[in-house]
Amino acid sequence: MPAKGNFAHARQGQDDMPARCQLKGQPMLPVLAPFPTTRLRRMRRTAALRDLAQENALTAKDLIWPLFITDVPGADAPVASMPGVSRLTVEGAVRAAETAAELGIPAICLFPYTDPGLRTEGCEEAWNPENLSNRVIRAIKAAVPEVAVMTDIALDPYNANGHDGLVRDGVILNDETVEALVKMALAQAEAGADILGPSDMMDGRIGAMRSALEAAGHADVTILSYAAKYASAFYGPFRDAVGAATRLVGDKKTYQMNPGNSDEAIRLVARDLAEGADMVMVKPGMAYLDICYRVKQAFGVPTFAYQVSGEYAMIKGAVLNGWVKEAVIAESLLAFRRAGCDGILTYFAPDVARALRG
Ligand code: PBG
């Protein structure tokens, strides 16, 4: 019988022979007795039995909470396309990190809304040791050292044209961008970041950062590589939040992945792990659960998904309109755990952590 799905064989047994069940890559197991010996509803009868049989769970410890930060007067305001999310001041970000600690959320992730006057073609503000992100890293590590601080490494919040890389004559420059990203990574490590998050999709950046970190005495700083990051329309509200939407010239398709690809994600993850990434990410999340599953199955390394701004906006908008129940939030996050993710970056982190606490 040809293999079909994950169950290569699952056939109804005859009276004297149980149905056989074979999980991909594992030996055939005679586990399914025929009906009525097997009644799968038995284990769903009560909450206690369902709890005992639950295979995957979501806890606050699985969450990374992305925060938008700004020091531009008046910009610490709600993000219109992300109801419930606001840009935070430096003090606001410290308070959010304290909230994360109270709720048992292990990490926050910083995304700056940079002063428009500091956005240039050369992106020099990106590696300024005193830039907004680096000041917030220091402030959070001083106030709540137990919360891991993750950063974003890409040039878009500092770039006059909204791209993640340096641009010359309309071309995104790979190697020059990597040099800039390394300077950015070192400044963030110096400021005390625990997890560096390169989200730029340039080639060779992980290896360049890893060797620069080793050489500069930052051997213990971890890298969570945005390894399989797709050129996605789900990032729209994020670009509003960091002020890059109206600036972006063209699209990001020469560096972010084609949404039609799957094998390429495996090659990218393999490459980034070989270059020294400690953890890898798939992004966006819900529309790419197949990629999460493949990555975890193939490598067995710490694997994360980013439930991105557009996903947040869709779910939150529907919840606020009463079109779906709030329970869809936790259900959407549990799906990542089932797909094999160790954790999820989500703007719902504090709400979900509160709900899980009961
Ligand atoms: C940019 C970056 C993006 C996100 C995280 N880092 C947007 C992009 O690539 O254009 C998206 C996150 C989200 O949509 O929530 N380096």
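Placed above this text is the structure.
Because the structure is a prediction, the values reported are computed rather than measured.

### Comments concerning the overall build of the protein
In terms of helices and strands, the protein carries eleven helices and 14 strands. Taken over C-alpha atoms, the radius of gyration comes to 22 Å for the protein, in line with the 21 Å a tight globule of 358 residues would show. Projecting the C-alpha coordinates of the protein onto the three principal axes gives extents of approximately 75 × 40 × 40 Å. Residue pairs in contact within the protein that sit at least 24 positions apart in sequence constitute 72% of those at least 6 positions apart. Entry remark: accessible area of the protein is about 16,700 Å², with carbon and sulfur atoms responsible for 55%. With 37 positive and 42 negative side-chain charges, the protein shows a separation of 11 Å between the mean positions of the two kinds.

### Concerning the packing of helix H2 (residues 90-103) against helix H3 (residues 132-143)
Closest axis-to-axis distance for the H2/H3 pair is 9 Å, and the angle between their directions is 40 degrees. Taken together, the axis directions place H2 and H3 in an arrangement best described as oblique. Pair H2 / H3 crosses with right-handed handedness. Where H2 approaches H3, its residues Val-90, Ala-93, Val-94, Ala-97 and Glu-98 are matched on the opposing element by Leu-132, Arg-135, Val-136, Ala-139, Ile-140 and Ala-143. Residues that form the contact of H2 with H3 fall into these classes: nine nonpolar, no polar and two charged.

### Focus: the pattern of salt bridges
Under the defined criterion, the tally for this structure stands at 18 salt bridges. Here Lys-141 makes a salt bridge to Asp-194, at a shortest N to O gap of 2.6 Å. In this pair, Lys-141 sits in helix H3 while Asp-194 sits in the loop between helix H4 (174-191) and strand E10 (195-196), placing the two residues 53 residues apart along the sequence. Judged by relative accessible area, which is 18%, Lys-141 ranks as buried.

Each value, and the rule that gives it
- Residues numbered from 1 in each chain as written.
- Predicted model: local features only at pLDDT ≥ 70, side-chain atom pairs only at ≥ 80, totals over all residues.
- Heavy atoms only, no water.
- Helix = DSSP H or I, 4+ residues; strand = E, 2+ residues; numbered from the N terminus.
- Rg over C-alpha atoms; globule rule 2.2 N^0.38 Å.
- Contact = heavy atoms within 4.5 Å.
- Areas by Shrake-Rupley, 256 points an atom, 1.4 Å probe, with all protein chains shown as cover.
- Lys, Arg positive; Asp, Glu negative; His and termini not counted.
- Charge placed at Lys NZ, Arg CZ, Asp CG, Glu CD.
- Axes fitted to C-alpha atoms, helices over the stretch in contact; angles between N-to-C directions.
- Parallel < 35°, antiparallel > 145°, perpendicular 65-115°, else oblique.
- Left-handed = near helix turned anticlockwise from the far one by under 90°.
- Nonpolar A, V, L, I, M, F, W, Y, C, P; charged D, E, K, R; others polar.
- Salt bridge = Lys/Arg side-chain N within 4 Å of Asp/Glu carboxyl O.
- Buried < 20%, exposed > 50% of the residue type's maximum accessible area, 1.4 Å probe, protein only.

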